[in-house]
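# Structural description and commentary
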Amino acid sequence: MLNFGSKNIGIDLGTANTNVFVEGKGIVLREPSVVAKDINTGEIVTVGEEARNMIGRTPGSIIAIRPMKNGVIADFNITAEMMKYYIKKAVGKRTSKPYVVVCVPSSVTEVEKRAVIDATRLSGAKDAYIIEEPFAAAIGAGLPVMDPTGSMVVDIGGGTTDVATISLGGIVSSRTIRLAGDRMDEVIIHYIRKKYNLLIGERTAEQIKMEIGCASVEKAVEYGTMDIRGRDLLTGLPQTIEISAVDVAEAIQEVVEGIVIAVRETLEETSPEISADVIDHGIVLTGGGALLKNISDVIAEETDVPVFVANEPLDCVAIGTGDALKHIDVYQKRGNK
């Protein structure tokens with residue numbers, strides 16, 4: 001291992017949130033992947049939590065931008081500015097630039113990988129290397145990724161869900177779908193608009209999902225109801241209504257079913273030996289979507305395989321990316337591929 005000390009950084013560059021891991025310190029920063037920009041001057045107003053709080057509340061001259069979409073860079077320059085801010089915030093003022101390992105979804109193209117590397121270098125990194133998100137998640141979840149035994153991880157993030165089987169330090173089979181937390185928020189907004197003629201924002205949809213969201217329509221009744229506020233589409237006036245967890249479960253069913261199908265298809269592509277290992281050890285869920293109520297039960301019922309939620313599922317990818325810093329010399333030898 002090359003000795004660069006605590007300058008090495010691992011970044012979980014997510015669609016919804018960015019986590020930064022500093023070698024020797026652990027995860028030092030957890031912030032939303034949001035940037036507020038003044039459209040008149042082009043200047044960045046703020047980044048992270050402050051910018052997220054501005055979503056839906058900004059004046060006409062300021063827009064809140066999420067520069068990552070579906071796990072890849074949608075706005076190159078804004079992403080670079082956001083990463084520059086986070087790197088500086090994580091390591092403070094240093095005379096030398098850090099080496100950075102960044103995670104990406106397993107299905108990204110070479111062009112998308114290059115965009116991540118270039119944006120990271122532009123943000124102030126001495127050099128940048130990438131690691132595939134499900135592999136990082138498996139490391140962070142404590143799975144024996146280097147052993148000759150099969151493991152399976154399902155990382156349900158903001159923009160994508162990554163499903164992968166892993167053995168002997170590599171991904172054996174994988175699938176990435178653009179059905180995850182953000183899509184759940186979108187279908188909740190659409191469902192409430194259609195059923196109740198009420199328009200709600202992204203923040204409200206996310207709060208609904210977190211408080212009473214459930215993957216199973218049958219079990220959703222256990223989680224009761226909640227009051228939500230929005231704009232009545234008929235009168236144009238603010239209104240408060242009560243929605244049930246059953247409503248939310250019905251709204252997100254298409255997303256849950258899509259995730260289950262991806263898991264089943266990945267299992268079908270897996271060799272009998274690794275399938276046997278997965279049956280023995282179970283499937284591990286990581287990412288924010290792993291916190292959705294009853295998601296593990298639904299996947300287990302549909303696949304006949306035990307399913308477990310990792311400890312600290314939100315941090316697994318960042319921890320795994322940080323662990324890759326121990327092997328930065330390996331990344332350097334093989335290049336940015």
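Calculation rules
- Residues numbered from 1 in each chain as written.
- Predicted model: local features only at pLDDT ≥ 70, side-chain atom pairs only at ≥ 80, totals over all residues.
- Heavy atoms only, no water.
- UniProt positions renumbered as here; feature names shortened; annotations may be inferred.
- Pairing = 2+ DSSP bridges.
- Helix = DSSP H or I, 4+ residues; strand = E, 2+ residues; numbered from the N terminus.
- Contact = heavy atoms within 4.5 Å.
- Axes fitted to C-alpha atoms, helices over the stretch in contact; angles between N-to-C directions.
- Buried < 20%, exposed > 50% of the residue type's maximum accessible area, 1.4 Å probe, protein only.

An unreviewed UniProt entry lists the protein under the name Cell shape-determining protein MreB, from Desemzia incerta. Under the UniProt heading Function (unreviewed entry), the entry covering the protein gives this text: "Forms membrane-associated dynamic filaments that are essential for cell shape determination. Acts by regulating cell wall synthesis and cell elongation, and thus cell shape. A feedback loop between cell geometry and MreB localization may maintain elongated cell shape by targeting cell wall growth to regions of negative cell wall curvature." The Subcellular location (unreviewed entry) comment attached to the protein in UniProt states, word for word, "Cytoplasm".

### Looking at the sheet that holds strand β14 (residues 198–199)
Ordered by their spatial adjacency, three strands build an open sheet running β14-β15-β16, and the pairing between neighbours is antiparallel. Pairing within the sheet leaves two strands with one partner each, and these edge strands are β14 and β16 (238–244). Here β14 pairs with strand β15 (residues 225–232) via two bridges, running antiparallel. Paired with Leu198 across the two strands is Asp232, which belongs to β15. Each of β15 and β16 touches helix α6 (residues 202–212); the most contacted strand, β15, lies at about 170 degrees to it.

### What to know about the pairing of strand β12 (residues 161–167)
Of all the seven residues making up β12, seven are buried; the element is thus mostly covered by neighbouring parts of the structure. With burial as the criterion, each face of β12 is covered, one bearing Thr161, Val163, Thr165 and Ser167 and the other bearing Asp162, Ala164 and Ile166. Bridge count between strand β11 (residues 151–156) and β12: six bridges; the pairing is antiparallel. Bridge assignment links Ile156 to a residue of β12, and that residue is Thr161. Linking β11 to β12, which pair antiparallel, is a turn of four residues. Strand direction decides the pairing type here: β12 and strand β13 (residues 170–177), joined by seven bridges, are antiparallel. Residue pairing across strands places Thr165 opposite Ser173, the latter belonging to β13. The turn joining β12 and β13, which pair antiparallel and follow one another in sequence, is formed by two residues; a positive phi near 50 degrees is taken by Leu168.

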